[in-house]
Amino acid sequence: MELGQNYPNPFNPVTTIRFRTGSSTYAVIDVYDVNGRFVSRIFEGTAGPEKNTVTWDGTNGRGVPVSSGIYFCRLRAGEQALSRKMILLR
């Protein structure tokens, strides 16, 4: 399983995240703030074994823009989880 660094980073207003699960499997990507609070679910579903791409537009689960700061994207697939730090500059 791989979780690439988001690009661009820092970003405003949209960033792209690439990931690979290694097999066709159910996966989830969530975004958390620096305090560990859930912000938004940006991917949920079956991810293919090839590279997958998802974008985050810097909003929470209700579509409200979040403030500048450090955020973490977390990929979970099966028993594995990977995280990457992202920086949003407004």
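Remember, it's a predicted structure, so these values are computed and weren't measured experimentally.

Chemist: Before we go on, may I ask you to explain the packing of aromatic side chains in this structure?
Modeler: Two descriptors summarise a pair of aromatic rings, namely the distance from one centre to the other and the angle between the planes of the rings. Applying the stated criterion across every chain yields a total of four aromatic pairs. Ring plane angle 75° and centroid distance 6.0 Å describe the contact between Y32 and F38, whose orientation is recorded as edge-to-face. The class of F38 is partly exposed, set by a relative accessible area of 48%. Counting every residue linked through ring pairs, the aromatic cluster contains F11, W56 and Y71.

Chemist: It is not clear to me how the pairing of strand β5 (residues 52–56) should be interpreted in this structure. Could you clarify?
Modeler: Residues of β5 alternate between two faces, with N52, V54 and W56 buried on one and T53 and T55 left unburied on the opposite face. Relative to β5, strand β2 (residues 15–20) runs antiparallel, the two sharing five bridges. Bridging across to β5, I17 finds its partner in V54.

Chemist: Can you help me understand the nonpolar core in this one?
Modeler: Nonpolar side chains in soluble globular proteins generally cluster together in the buried interior. Core analysis: the biggest nonpolar cluster contains 19 residues, and W56, Y71 and M86 have the highest contact counts within it. Those elements giving two or more residues to this core turn out to be β2, β3 (25–33), β4 (38–47), β5, β6 (69–77) and β7 (80–88). In contact with M86, not counting residues within four places along its chain, are N6, N9, F11, T15, I17, V31, W56, G69, I70, Y71, F72 and C73.

Chemist: Is there a simple way to think about the sheet that holds β6 in this case?
Modeler: Sheet strands pair by backbone hydrogen bonding; their relative direction is either parallel or antiparallel. Read across the open sheet, the four strands follow the order β4-β3-β6-β7; overall the sheet is antiparallel. Of all the strands in the sheet, the pair left with one neighbour each is β4 and β7. Averaged over all adjacent pairs, the angle separating strand axes in this sheet is 15°, with direction ignored. Pairing of β3 with β6 involves seven bridges; the strand directions are antiparallel. Note on β6: the bridge partner recorded for Y32 is F72.

Chemist: Honestly, the pattern of salt bridges in this entry has me stumped. Any pointers?
Modeler: Between side chains of opposite charge, pairing is possible as soon as their charged atoms come close. Applying the stated criterion across every chain yields a total of five salt bridges. Its salt-bridge partner being D30, residue R41 comes within 2.7 Å of it at the nearest N-O pair. A residue pair is termed long-range when its members are at least 10 positions apart, and R41 in strand β4 and D30 in strand β3 qualify at 11 residues. Ionic pairing is found between D33 and R37, a salt bridge with its closest N-O pair at 2.8 Å. For D33, a relative accessible area of 13% translates into the label buried. A residue is classified by how much of its surface remains accessible, and R37, at 52% relative accessible area, is exposed. One salt-bridge network, in which partners are shared between bridges, spans D30, R41, E44 and R76.

What counts and how
- Per chain, the residues get numbers from 1 upward, laid out in the order the sequence is written.
- With pLDDT at 70 or above as the cut-off, local features in this predicted model cover only qualifying residues; side-chain atom pairs require 80 or more to be listed or tallied, and sums for whole chains, interfaces and linings still use all residues.
- Values reported for side chains reflect all heavy atoms of the structure, with hydrogen atoms and water molecules removed beforehand.
- Between the rings of Phe, Tyr and Trp (Trp by its six-membered ring), a pair exists once the centres lie within 6.5 Å; its type follows the angle of the planes, with under 30 degrees stacked, over 60 edge-to-face, and the other angles tilted.
- Each residue gets one of three labels from its accessible area relative to the maximum for its type: buried under 20%, exposed over 50%, partly exposed in between, using a 1.4 Å probe on protein chains only.
- The helix count covers DSSP runs of H or I at least four residues long, the strand count covers runs of E at least two residues long, and both are numbered beginning at the N terminus.
- We treat two strands as partners when DSSP finds at least two bridges between them.
- Nonpolar cores are built from buried Ala, Val, Leu, Ile, Met, Phe, Trp, Tyr and Cys residues. Side-chain atoms within 4.5 Å join them into one set.
- Between two residues, a contact is recorded if the distance between any of their heavy atoms is within 4.5 Å.
- Helix axes use the C-alpha atoms of the stretch in contact, all axes being lines fitted to C-alpha atoms, and the angles between their N-to-C directions lie in the range 0 to 180 degrees.
- Counted as salt bridges are all cases of a side-chain nitrogen of Lys or Arg within 4 Å of a carboxyl oxygen of Asp or Glu.

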